[in-house]
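# Reading the structure
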Amino acid sequence: MEDNELHQWLIEAFGPIQGEMAWKQFSSLPDSIREQIMSQGVEGLPKPSEVRSLAEALTAGGLNSVGDVHRTMEEGPINVKLAQSIALNKTRDAGSQTMVSAEDGAAARRALSEANLWLDSVIEFDPVKGQPDVLTRSEWVEKTLPSWASFAAPVAESMNDALAAVLTERLGGALNGEISGMFAGPVPIPIPDDLKDPSTLMKLLGNTSFAMQLGGAAGNLSTEVHGSFDQGIALLKNPAGALIPENITAYAKELEIDRGEVMSFLALHEVAHARLFASVHWLMPRFEALIGKYARGISIDLDAMEEQLREAETMNPESIAGAVNLTKVGLSDTPEQQEALAGLERLLALVDGWVDCVVWRAGMAHIPHIEQLREMMRRERAVGGPAELTFESLLGLKLRPKRLREAADVWESITFAEGSEGRDGKWSHPDLLPALADKPATDAAESGNGSDEPGATAGGSDTKIDWDAELSKLLDEDGGKGDGDDGDDSDNTTPSANDDPSANDK
């Protein structure tokens, strides 16, 4: 890359005034660093529009003055303002709606109201006080990102400390303060004298790098989520939950199923989660404790981080992103973490399995394609999407159930044997929750390619629930069986306790 090419790139990226300032700062850097930057060529630089977007995000993130930098360092290991700004830029770049239309809002509220009425007949938990939210993608970002930042804070703190340790202990302060000049050049952020110490500045870089990744992940995820409980945990302050009509419309179009059906199904999922979390007061604190225990136990591979830092093209947040990516530098195999992860996966499976159970019972008489929607939901929860994988690189764990099908079968069996009152009573204390079989579900089964049937009970029992009889009871019809087309293999089903017509459900 020639000098004039870089000069022109700086002008386009930062404007005529700041571009000239950046060029002067670049010219004053040591020869070795200038050569390293020049060797990558113009094609190795980000697009000027991307740089302008980053600069705007940094400004929105509160890094406008010396005081802002100090405050950012004191507020925590993640610059939440910056993360939110980047996420909101993502939603705007995706052409997201700036407000929910009156038609979409009315449809979502109607679906949520109907969902509450349908659930009244199949669960014991009362409706949540207050009204659910109907959100745009941007509003979802604003309302949920603080929760994500709280979960990720222990990981980010470990990352920032490790970055500083690697620079001072492994690299021996080899940059000799030059990092401040580099950071103040391409990305014009004021660096006060007391932050020019490389290890201190590295913490700021880590803080910023982590916020950039978190914001990018939240922005991407905002186009995929349908409500506030999609990850199986409560993320909103509003306990009644929320729906995102724009994403639901796109989802219905993708599935080629009527939007009203899809809206009703997802509203059932949201309201069922909301009732469970609002009624079971220990549930979210237990999730928070398990996530915190796992995150605090993460260790950083300093050798891997050192390698990532050496490979960084420049000392700016984007270049350091690899050094704060847990998939590259995290160590997470401690016994304490394995215990926390096992507990988290089990609790997620039990929550999702319970919701799957009650949604089917509440919606089967109202939603024609409920079986297709139910299966799609199970597969998506088990596999996850690209944005969820990004969150895994930040938090180090999967907020997805591994054994959703098995848990749903357990709750169905309990409902058949004890009714909805006995089933929901299991949530009164953690020790009363049902156990899952020791044998974990296979990946094929979780992705929908296995042979586990909806009627199969946990533990591999051959006993099956007669779904036609259950449907008839819930519809107040006679207990006669249908034509057996629901995949139960009814020709091979032997009489069992599940055929007892005297068992009553709510």
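Residues numbered from 1 in each chain as written. Predicted model: local features only at pLDDT ≥ 70, side-chain atom pairs only at ≥ 80, totals over all residues. Heavy atoms only, no water.

## Quick look at the overall build of the protein
Along the backbone of the protein there are 20 helices and four strands. Residues classed as buried in the protein amount to 53% of the 506 residues present. Across the protein, the fraction of contacts at a sequence separation of at least 24, relative to all contacts at a separation of at least 6, is 79%. Summing over all exposed atoms, the protein offers an accessible surface of approximately 22,600 Å²; the carbon and sulfur share of this is 49%. (Helix = DSSP H or I, 4+ residues; strand = E, 2+ residues; numbered from the N terminus. Buried < 20%, exposed > 50% of the residue type's maximum accessible area, 1.4 Å probe, protein only. Contact = heavy atoms within 4.5 Å. Areas by Shrake-Rupley, 256 points an atom, 1.4 Å probe, with all protein chains shown as cover.)

## A look at the nonpolar core
Grouped together as the largest cluster of nonpolar side chains are 99 residues, with contacts concentrated most on Leu119, Leu283, Phe287, Trp354 and Trp427. In this structure, Ala22, Phe26, Leu29 and Ile37 belong to the second largest nonpolar core, which totals eleven residues. (Core = buried A, V, L, I, M, F, W, Y, C linked by side-chain atoms within 4.5 Å.)

## Here's the deal with the packing of helix 16 (residues 370-383) against helix 18 (residues 404-425)
One way to put it is that helix 16 packs onto helix 18 with a least axis distance of 10 Å and a crossing angle of 130°. If you check the angle between helix 16 and helix 18, you find them oblique. Facing helix 16, whose interface residues are Arg374, Glu375, Arg378, Arg379 and Arg381, helix 18 presents Leu404, Arg405, Ala408 and Glu412. (Axes fitted to C-alpha atoms, helices over the stretch in contact; angles between N-to-C directions. Parallel < 35°, antiparallel > 145°, perpendicular 65-115°, else oblique.)

## Section: the packing of helix 15 (residues 335-363) against helix 18
Geometrically, a packed helix pair is captured by the angle between its two axes and the distance between the axes. Helix 18 packs onto helix 15 with a crossing angle of 60° between their chain directions and a minimal axis gap of 8 Å. Handedness of the helix 15/helix 18 crossing: right-handed. Residues Ala349, Leu350, Asp352, Gly353, Trp354, Asp356, Cys357, Val358, Trp360 and Arg361 of helix 15 pack against Leu404, Ala407, Ala408, Trp411, Glu412, Thr415, Arg423 and Asp424 of helix 18. Tallied by class, residues from the contact of helix 15 with helix 18 come to ten nonpolar, two polar and six charged. (Left-handed = near helix turned anticlockwise from the far one by under 90°. Nonpolar A, V, L, I, M, F, W, Y, C, P; charged D, E, K, R; others polar.)

## A short note on the pattern of salt bridges
Tallied over the entire structure, the rule returns 14 salt bridges. Residue arginine 259 is joined to aspartate 104 by a salt bridge in which the shortest nitrogen-to-oxygen separation is 2.7 Å. Placement of the pair is arginine 259 in helix 11 (residues 259-279) and aspartate 104 in helix 6 (residues 102-120), with a sequence separation of 155 residues. By relative accessible area, arginine 259 is classed as partly exposed at 24%. A salt bridge links glutamate 412 to arginine 374; its shortest N-O distance comes to 3.8 Å. Here glutamate 412 is found in helix 18, whereas its partner arginine 374 is found in helix 16, with 38 residues between them in sequence. (Salt bridge = Lys/Arg side-chain N within 4 Å of Asp/Glu carboxyl O.)

## Re the side chain of serine 222
Looking at the secondary structure, you find serine 222 in the loop between helix 9 (198-221) and strand 2 (242-243). Using a relative accessible area of 0% as the deciding quantity, one classes serine 222 as buried. Here glycine 219 takes part through its backbone oxygen, which lies 2.6 Å from a polar atom of the side chain of serine 222. (Polar contact = N/O pair within 3.5 Å; in protein donor to acceptor, adjacent residues only side chain to side chain.)

Function cannot be inferred from these measures alone, as they are strictly geometric.
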